[in-house]
Amino acid sequence: MNKWRQIIGLSAALIVFLSPLAVFAQAQNLNQGAAGIQVTPVIDEFDINPGGVVERQITIDNLTRNATTYYPVVMNFEADKETGEPVFIGENERFTKYALSNWVTFSESSFILAPGERKKISYVVNAPGDATPGGHYGAILFSTEKPEFDENGVFVGVVGLIGTLALATVPGDIIENLLVNSFKSPTIVFAPPASFETTIGNYGNVHVRPEGGITIRNWFGKQSTYLIVNESKGAVLPESQRLFKNNWDFSWLAIGRYTANLSLSYGDGKSVAELRTFYIIPYWFIVLVGALIAMFIANKLRRGRHQKTKENISPPRPPRRIVMG
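Owing to the predicted nature of the structure, the values given are computational and were not obtained by experimental measurement. (Residues numbered from 1 in each chain as written. Predicted model: local features only at pLDDT ≥ 70, side-chain atom pairs only at ≥ 80, totals over all residues. Heavy atoms only, no water.)

1. A closer look at the overall build of the protein chain
Helices and strands together make up the secondary structure of the protein chain, namely three helices and 20 strands. A buried classification covers 42% of the 325 residues belonging to the protein chain. Sequence-distant contacts in the protein chain: of pairs separated by 6 or more residues, those separated by 24 or more amount to 71%. As presented, the protein chain carries roughly 18,300 Å² of accessible surface, and 54% of it is formed by carbon and sulfur atoms. (Helix = DSSP H or I, 4+ residues; strand = E, 2+ residues; numbered from the N terminus. Buried < 20%, exposed > 50% of the residue type's maximum accessible area, 1.4 Å probe, protein only. Contact = heavy atoms within 4.5 Å. Areas by Shrake-Rupley, 256 points an atom, 1.4 Å probe, with all protein chains shown as cover.)

Shown next as structure tokens:
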């Protein structure tokens with residue numbers, strides 16, 4: 001089970017929260033090395049009403065030179081509460097109100113693709129009448145071996161797989177609530193880059209993609225740069241948090257007091273913001289100040305020695321007078 005978790009964790013880390021375009025490139029490379037297939041879309045987002053039925057399609061390409069049998073499977077996933085990375089869980093391993101797996105059925109339990117063949121596979125999502133509003137999440141995966149499960153509903157064995165992440169939203173009492181759990185900036189920076197870490201927590205019941213960035217201004221109030229936060233447009237899942245990192249490779253001329261203004265928007269006109277102050281003291285400035293101080297001290301010492309030399313010089317004796325009598 002540990003080997004299985006490592007495999008699907010690696011696959012998911014490459015595809016879960018990235019933009020569809022970036023994910024596609026990553027998944028394509030992974031497919032060629034793992035299951036030998038290409039799957040599109042990588043992220044499938046849709047709405048479904050309580051008691052409703054939605055049919056979705058996934059396109060599969062066999063990239064290998066051999067005819068291959070594939071087995072579709074579904075797993076639930078949630079985000080790690082610290083890193084935001086996906087954690088896959090079996091149906092019976094732990095209950096989660098955001099699960100999607102038991103809503104999903106497939107049009108085929110297995111299928112064969114010839115070398116280079118493309119096929120569209122349907123999966124049907126049947127939401128119960130009491131489906132809770134908000135997000136529900138599952139991974140539609142394709143295995144090259146017939147999957148086996150343990151008592152917790154977790155796959156057993158090592159299999160090659162790749163798939164699509166299904167992000168379903170049930171309308172109703174939707175709560176979108178993001179908070180800045182932390183916004184870390186440097187206090188003093190001596191050399192580039194200046195690093196910033198933003199941790200966003202989702203306290204709602206649906207996944208949200210924050211947009212915005214960090215505006216950095218110098219001590220005159222002039223904008224020095226703008227750093228985009230969440231450039232890949234990744235999602236933050238409910239009851240989780242996600243860390244975003246940014247670096248500013250400032251110019252060697254940068255010096256003095258700076259402000260970093262974090263401003264993110266999400267949902268229907270909602271926003272969060274934080275402000276931090278930091279200082280850039282480049283090494284050349286430290287060297288320059290040190291050189292000036294050294295010159296001042298040396299000049300002071302030189303003057304002191306000169307004054308002391310003058311004081312130590314004896315005054316000339318007056319001429320000796322001879323009195324005649």
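That was the structure; now back to the text.
2. Quick notes on the pairing of strand S8 (residues 118-126)
In terms of strand pairing, strand S3 (residues 53-62) meets S8 through nine bridges, oriented antiparallel. For Val 54, the partnering residue across the bridge sits in S8 and is Val 125. Relative to S8, strand S6 (residues 104-106) is paired through three bridges, and the arrangement is antiparallel. Within the sheet, the bridge partner assigned to Thr 105 lies in S8 and is Val 124. (Pairing = 2+ DSSP bridges.)

3. A closer look at the pattern of salt bridges
Side chains that differ in sign of charge can pair as their charged atoms come close. This model, assessed by the stated rule, comprises seven salt bridges. Among the ionic pairs, Glu 239 bridges to Lys 97, the shortest N-O distance being 3.0 Å. Taken together, the residues Glu 239 in the loop between strand S17 (223-229) and strand S18 (240-248) and Lys 97 in the loop between strand S5 (86-89) and S6 connect sequence positions 142 residues apart. Residue Glu 239 is classed as partly exposed on the basis of its relative accessible area of 38%. Owing to a relative accessible area of 46%, Lys 97 belongs among the partly exposed residues under this scheme. In this structure, Glu 176 and Lys 270 form a salt bridge, with 3.8 Å as the shortest nitrogen-oxygen distance. Taken together, the residues span a long stretch of sequence, with Glu 176 in the loop between strand S12 (161-170) and strand S13 (178-184) and Lys 270 in strand S20 (residues 270-280) at a distance of 94 residues. Residue classification places Lys 270 among the partly exposed positions, given a relative accessible area of 32%. (Salt bridge = Lys/Arg side-chain N within 4 Å of Asp/Glu carboxyl O.)

4. So, the nonpolar core
Within the largest apolar cluster, 26 residues are counted, with the highest numbers of intra-cluster contacts made by Phe 196, Ile 214, Ile 216, Trp 248, Phe 278 and Ile 280. If you list the elements that add at least two residues to this core, you get S13, strand S15 (194-202), strand S16 (211-217), S17, S18, strand S19 (256-266) and S20. Here the element with the most residues in this core is S19; it accounts for five residues. Other than its neighbours up to four places away in sequence, Ile 214 contacts Phe 183, Phe 196, Thr 198, Thr 225, Tyr 226, Leu 227, Val 229, Asn 246, Ala 260, Asn 261 and Leu 262. (Core = buried A, V, L, I, M, F, W, Y, C linked by side-chain atoms within 4.5 Å.)

5. Things to note about the environment of Pro 238
Looking at where Pro 238 falls in the secondary structure, it is placed in the loop between S17 and S18. On the basis of relative accessibility, which here comes to 8%, the residue Pro 238 falls in the buried class. Taking the C-alpha atoms as reference, Pro 238 lies 8.5 Å from Tyr 98; in sequence the two are 140 residues apart. Apart from residues lying up to four places away in sequence, Pro 238 is in contact with Tyr 98, Tyr 137, Asn 202, Gly 204, Asn 205, Val 206 and His 207.

6. Notes on the sheet that holds S8
Overall, antiparallel pairing links the four strands, which are arranged S1-S3-S8-S6 in an open sheet. A strand with exactly one partner marks an edge of an open sheet, and here the two such strands are strand S1 (37-40) and S6. When strand polarity is set aside, the average angle formed by the axes of neighbouring strands in this sheet is 30°. (Axes fitted to C-alpha atoms, helices over the stretch in contact; angles between N-to-C directions.)

7. Considerations on the confidence of the model for the protein chain
Averaged over the protein chain, the pLDDT score is 82; the fraction of residues at 70 or greater is 76%. Ranking the elements of the protein chain by mean pLDDT puts helix H2 (residues 20-33) last with 35 and S16 first with 98. Here residues 1-34 is modelled with pLDDT under 50, and outside its nearest four sequence neighbours on either side it reaches 65 contacts, counting other chains as well. (pLDDT = per-residue confidence, 0-100.)

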